[in-house]
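Summary of structural features
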Amino acid sequence: MTVIANEGEAQAWLRDVLGVDAAAMKRLARLATLLAEENERQNLVAKGTLPHFWQRHVVDSAQLLGIVPRGTMPQGAWLDLGTGAGFPGLAIAALEPARAVTLVDSRRLRTEWLARAASQLGLQNVTVVLSRVEDLPTQLYSVISARAFAPLDKLLHLSARFSTPETLWLLPKGAKAAHEVEELPASWNHMFHVEQSLTDPQAGVIVGTLVGQDRAKTKSSMRHTRDLGEVRGAKR
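Conventions adopted
Residues numbered from 1 in each chain as written. Predicted model: local features only at pLDDT ≥ 70, side-chain atom pairs only at ≥ 80, totals over all residues. Heavy atoms only, no water. Helix = DSSP H or I, 4+ residues; strand = E, 2+ residues; numbered from the N terminus. Polar contact = N/O pair within 3.5 Å; in protein donor to acceptor, adjacent residues only side chain to side chain. Axes fitted to C-alpha atoms, helices over the stretch in contact; angles between N-to-C directions. Parallel < 35°, antiparallel > 145°, perpendicular 65-115°, else oblique. Left-handed = near helix turned anticlockwise from the far one by under 90°. Contact = heavy atoms within 4.5 Å. Nonpolar A, V, L, I, M, F, W, Y, C, P; charged D, E, K, R; others polar. Pairing = 2+ DSSP bridges.

1. Points about the side chain of Thr49
By the element assignment, Thr49 lies in the loop between helix 2 (22–39) and helix 3 (53–62). Separated by 2.9 Å, the side chains of Thr49 and His57 make a polar contact.

2. Concerning the packing of helix 2 against helix 5 (residues 108–120)
For the pair helix 2 and helix 5, the least separation of the axes is 10 Å and the interaxial angle reads 150°. Here helix 5 runs roughly antiparallel to helix 2, going by the angle between their axes. Our pair here, helix 2 against helix 5, has a crossing hand that is right-handed. Counted together, Arg30, Leu31, Leu34, Leu35 and Glu38 of helix 2 and Trp113, Arg116, Ala117 and Gln120 of helix 5 form the full contact between these two elements. In terms of residue class, the contact of helix 2 with helix 5 is built from five nonpolar, one polar and three charged.

3. Describing the sheet that holds strand 6 (residues 188–196)
With respect to topology, seven strands assemble into an open sheet ordered 3-2-1-4-5-7-6, the strand pairing being mixed. The open sheet has two edge strands, strand 3 (126–130) and strand 6, and neither has a second partner. Ignoring strand direction, the axes of neighbouring strands in this sheet form an average angle of 20°. Pairing of strand 5 (residues 168–173) with strand 7 (residues 204–213) involves five bridges; the strand directions are antiparallel. Following the sheet pairing, Lys173 is matched in strand 7 by Gly204. Running over the sheet, helix 5 touches strand 2 (101–105) and strand 3 and is turned about 165° from strand 3. Helix 6 (residues 152–159) rests against strand 1 (78–81), strand 4 (143–146), strand 5, strand 6 and strand 7 of the sheet, and its axis sits at about 145° to strand 5.

This is the structure we're talking about:
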């Protein structure tokens with residue numbers, strides 16, 4: 001897979017591969033301005049990434065829309081957890097203004113800015129929620145994303161209740177994406193795999209569905225851990 005290396009390639013990929021129209025490109029350009037302005041007031045993103053906005057933030061988010069075969073992306077509501085500066089959630093909302101997108105973050109200043117940005121971009125499809133994930137009311141979503149929000153096992157414990165076996169999980173991760181999937185306890189019944197990121201040759205995106213958690217396996221694992229601890233304690 002070719003990794004997008006600069007701003008020109010990023011914008012060309014959006015137009016030519018993803019098929020982003022002029023209106024969406026204009027919204028994203030406006031988002032770049034809003035982000036740079038707000039970044040002077042609060043640290044939304046690393047300042048050094050602003051000159052690489054299209055590559056580091058937009059394509060890094062937009063690639064989620066093209067990471068599954070064409071026509072198989074669920075069309076329902078999208079939940080973005082720990083959305084931070086709005087990536088990938090706000091970028092997805094700008095690209096797909098007909099899709100309901102919920103952005104969740106536990107930091108008030110972030111959520112206040114996200115609400116202002118969505119309003120200034122004319123995005124009526126965005127709901128911004130100030131909350132910790134564990135305090136969110138349970139609601140089901142068609143797509144769930146989280147950009148380096150938490151290790152996979154912890155993320156699933158926090159947010160599996162928002163998904164069905166048909167929900168698509170799209171989780172941009174760093175170099176440890178494959179390791180996180182491999183290390184996921186056997187109690188999680190899943191169909192996850194890793195796709196290489198378009199913006200970082202060392203990074204991956206965890207993609208797939210979650211059937212649920214096998215409680216029997218969870219209890220067995222807990223007993224094994226407890227017994228192992230008792231054996232270790234007896235040897236001391």
